[in-house]
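Spelled out, the chains give:
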2 protein chains.
Amino acid sequence: MKLNELPEKITACAYQEHCPTRLVLNRIADKWTVLVMILLKEETKRFSELKREIEGISQKMLTQTLRGLERDGLISRTVYPTVPPHVEYALTPLGHTLKDLLYTIKTWSEANIEAVLKAQMAYDGLNGKS
Amino acid sequence: MKLNELPEKITACAYQEHCPTRLVLNRIADKWTVLVMILLKEETKRFSELKREIEGISQKMLTQTLRGLERDGLISRTVYPTVPPHVEYALTPLGHTLKDLLYTIKTWSEANIEAVLKAQMAYDGLNGKS
């Protein structure tokens, strides 16, 4: 789709399989997106900093996540022509409109982890997995 | 982990690879979770209703999503002993604390789809994919 082919008015509905909203939802409702975007909430970061701060993320997954977020206009990537090149990631204005929402998701997970663990143990007990 | 083995105080941090918060974040930061939970926001639903309303979700993915949400204590599953059995899904009190947040994510996706599509087209143009 070219820019001039963008429908004049998109009726966005994430429940429709072929609505592009489904793809956007897939990007932002993603644990790596949440973790990356929150780290960029206050300051720019380098690839190596993001990799170190998000324990357990693979090089490939971080690269994919950053590329997807850049393509969706949520983060920017700036290359400084030093030797070796210095690359920095930052939120774009569009990314800034999303950051607080994603932060709330992370906070909910952390605040409710005990309730979820208790539910899991009760479920596994009833289903013979304990 | 048994219920009595739950650490007295969990210091939850989604950035730690082995913190259970990472798993919870993985569940709730998921497009299918968002779409299912929002449909249950106002009323209980049957499997077939959820399947029909979420275009393109497979039987297997919906089953997995519902089972995961039930295990995490976010939805309940009630079986009525009719012939054939009638099964209904509903949000639990814990699920109710999350629904508005997930609704906001869907709303953000729908409201910003044009900005994201424009960013994607610009990115693809610069990267020779247009």
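Scroll up a little and you will see the structure.
None of these values were measured; they are calculated from a predicted model.

(A) Looking closely at the relation of the copies chain A and chain B. Each copy superposes on the other: chain A lies on chain B with an RMSD of 0.0 Å after a rotation of 180° and an axial shift of 0.0 Å. Overall, the copies show the geometry of a two-fold rotation axis. Minimal C-alpha distance to the rotation axis in chain A is attained by A:Ala29, lying at 2.2 Å. A high fraction, 100%, of the interface residues of chain A reappear at the interface in chain B, so the copies pair face to face through one surface.

(B) Expanded view of the packing of aromatic side chains. Summed over all chains, the structure comprises 0 aromatic pairs over all chains. Here A:Lys41 stacks its cationic end above the ring of A:Tyr103, 4.6 Å away from the centre of that ring.

(C) Highlighting the state of the cysteines. If you walk through the whole model with that rule in mind, you get 0 disulfides over all chains. Of the cysteine sulfurs around A:Cys13, a residue in no disulfide, the closest is that of A:Cys19, at 6.5 Å.

(D) The pairing of strand E3 (residues 86-91) of chain A, seen in detail. Residue and element names in this part refer to chain A. Of all the 6 residues making up E3, 5 are buried; the element is thus mostly covered by neighbouring parts of the structure. As paired elements, strand E1 (residues 45-46) and E3 share 2 bridges and run antiparallel to each other. The residue bridging Arg46 from the neighbouring strand is Glu88, located in E3. Hairpin remark: strand E2 (residues 75-80) followed by E3, antiparallel, with 5 residues in the connecting loop.

(E) Just the interface of chain A and chain B, in detail. Every contact between the two is made by 61 residues of chain A and, on the other side, 61 residues of chain B. The largest share of the area that chain A buries against chain B comes from A:Tyr15, A:Arg71 and A:Trp108, three residues that together contribute 15% of it. Across the contact surface, chain A and chain B share 2 salt bridges. Where B:Asp124 meets A:Arg71, a salt bridge forms, and the shortest distance between an N and an O atom there is 2.8 Å. Inspection of the chain A/chain B interface yields 20 residue pairs in polar contact (both at pLDDT 80 or more). Of all elements in the fold, only helix H1 (20-28), helix H2 (31-39), helix H4 (59-71), helix H5 (93-111) and helix H6 (113-126) of chain A reach the threshold of two or more residues within the side of chain A that touches chain B. Of the residues forming the side of chain A that touches chain B, the biggest block, 11 residues, is contributed by H6(A). Its residues assigned to classes, the side of chain A that touches chain B comprises 32 nonpolar, 11 polar and 18 charged.

(F) Fine view of the pairing of E2(A). Across 6 bridges, the pairing between E2(A) and E3(A) is antiparallel. Note that in E3(A) the partner of A:Arg77 across the bridge is A:Tyr89.

The rules behind the values
- Residues numbered from 1 in each chain as written.
- Chains lettered and ligands numbered in written order.
- Predicted model: local features only at pLDDT ≥ 70, side-chain atom pairs only at ≥ 80, totals over all residues.
- Heavy atoms only, no water.
- Least-squares fit on C-alpha atoms with pLDDT ≥ 70 in both.
- Contact = heavy atoms within 4.5 Å.
- Phe/Tyr/Trp six-rings, centres within 6.5 Å; stacked < 30°, edge-to-face > 60°.
- Lys NZ or Arg CZ within 6 Å of the ring centre and 35° of its normal.
- Disulfide = S-S within 2.5 Å.
- Buried < 20%, exposed > 50% of the residue type's maximum accessible area, 1.4 Å probe, protein only.
- Helix = DSSP H or I, 4+ residues; strand = E, 2+ residues; numbered from the N terminus.
- Pairing = 2+ DSSP bridges.
- Buried area = accessible area lost by both parts, 1.4 Å probe.
- Salt bridge = Lys/Arg side-chain N within 4 Å of Asp/Glu carboxyl O.
- Polar contact = N/O pair within 3.5 Å; in protein donor to acceptor, adjacent residues only side chain to side chain.
- Nonpolar A, V, L, I, M, F, W, Y, C, P; charged D, E, K, R; others polar.

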